Amino acid sequence: MISIALAKGRLAKDGLELFKSIGIDCPDYSTKSRKLIFFSSDERYKFIMVKPSDVPIYVERGAADIGIVGKDTLLEEGKDVYELLDLKFASCKMSVAGFPDEKKRSITNNNIRVATKYPNIARSFFSQRKEMVEIIKLNGSVELGPIIGLSDIIVDIVESGKTLKENGLVVIEDICPITARLIVNRVSLKIKRGRIEDIIKSLEKSLEEKYDD
Ligand code: PRP
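Reference entry: report on the structure contained in this document. Source: prediction; values computed, not measured. (Residues numbered from 1 in each chain as written. Predicted model: local features only at pLDDT ≥ 70, side-chain atom pairs only at ≥ 80, totals over all residues. Heavy atoms only, no water.)

## Regarding helix 9 (residues 193–211)
Turn by turn, an α-helix covers 3.6 residues, leaving residues three or four places apart pointing in a common direction.
Phase 1 of the analysis: Here helix 9 contains 19 residues, and its C-alpha end-to-end distance of 26 Å stays within 8% of the 27 Å for a straight helix at 1.5 Å per residue.
Phase 2 of the analysis: When helix 9 is considered as a whole, its buried residues turn out to be Ile 196, Ile 199, Ile 200, Leu 203, Ser 206 and Leu 207. All buried residues of helix 9 fall inside an arc of 130° around its axis, so they share one side. Within helix 9, the exposed residues directed more than 90 degrees away from the buried face are Lys 201 and Lys 205. (Helix = DSSP H or I, 4+ residues; strand = E, 2+ residues; numbered from the N terminus. Expected span 1.5 Å × (residues − 1). Buried < 20%, exposed > 50% of the residue type's maximum accessible area, 1.4 Å probe, protein only. Arc of directions from axis to C-beta.)

Right, dumping it as structure tokens:
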């Protein structure tokens, strides 16, 4: 059996649609279900629904052979897994944002405070540029940081830009584009090589058909 860790929520829904397009279905799955494990009809595939930030650890430790996860989580978690495919869905970007005034003010000011759910991404971005910042780790509603005065700027995901706009914030600088990625456990790729390679080839073909039209 091949086990696949999916990030609960939209990534799981889009991921399952992608697997369905290559003939791997998951008939019992529904967004309303509270079940955490589902099987394909032929019972050759097991889908495990995990918290998005936990997908890399499940795959790194071999609790799942394959995972679908956002590039943001991959960069943040820094786990030892093979990243084999850009699945192209769940597209957004990682950006530095703040009040429009911050655009004029140089981020090189020392001790600028950065609120973020992604402390590792933020730390690495600013340290590469030799900029000293204080990272404040939050677990959500990061946009509140500058509004409440907890931070000067934020590092966060921007998808439609609606959350920034409705809170009077703007993108100051983009860090990197983000999409969903297919990751594979290192040992699984050796011992289940044939089946995993077949899945990857089929997914590549399905993605080409979907995005190259
Ligand atoms: C994410 C992200 C932004 C928002 C961006 O938050 O952290 O806040 O979505 O999307 P937008 O550009 O389309 O507005 P999420 O909805 O996951 O909630 P959270 O802030 O509680 O983590």
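Following the structure, the description resumes.
## What to know about the site of the ligand
Phase 1 of the analysis: Looking at the ligand, the residues that line it are Lys 117, Gly 140, Ser 141, Glu 143, Asp 156, Ile 157, Val 158, Glu 159, Ser 160, Gly 161, Lys 162 and Thr 163.
Phase 2 of the analysis: Within the backbone of Ser 141, one N or O atom sits 2.9 Å away from an oxygen atom of the ligand.
Phase 3 of the analysis: One of the backbone nitrogen or oxygen atoms of Gly 161 is found 2.7 Å away from an oxygen atom of the ligand.
Phase 4 of the analysis: Given that more than half its atoms are within 2 Å of the pocket grid, the ligand belongs to the largest pocket.
Phase 5 of the analysis: Mapped onto the shell around the ligand, the elements with two or more residues apiece are strand 9 (153–158) and helix 7 (162–166).
Phase 6 of the analysis: Among the elements that take part in the shell around the ligand, strand 9 stands out by supplying three residues, more than any other.
Phase 7 of the analysis: Its residues placed into classes, the shell around the ligand shows two nonpolar, five polar and five charged. (Near = heavy atom within 4 Å. Polar contact = N/O pair within 3.5 Å; in protein donor to acceptor, adjacent residues only side chain to side chain. 1 Å grid on protein atoms, 1.4 Å probe; cavity = no way out; pocket = protein on both sides within 12 Å on 5 of 7 lines; lining within 4 Å. Sits in = over half its atoms within 2 Å of the grid points. Nonpolar A, V, L, I, M, F, W, Y, C, P; charged D, E, K, R; others polar.)

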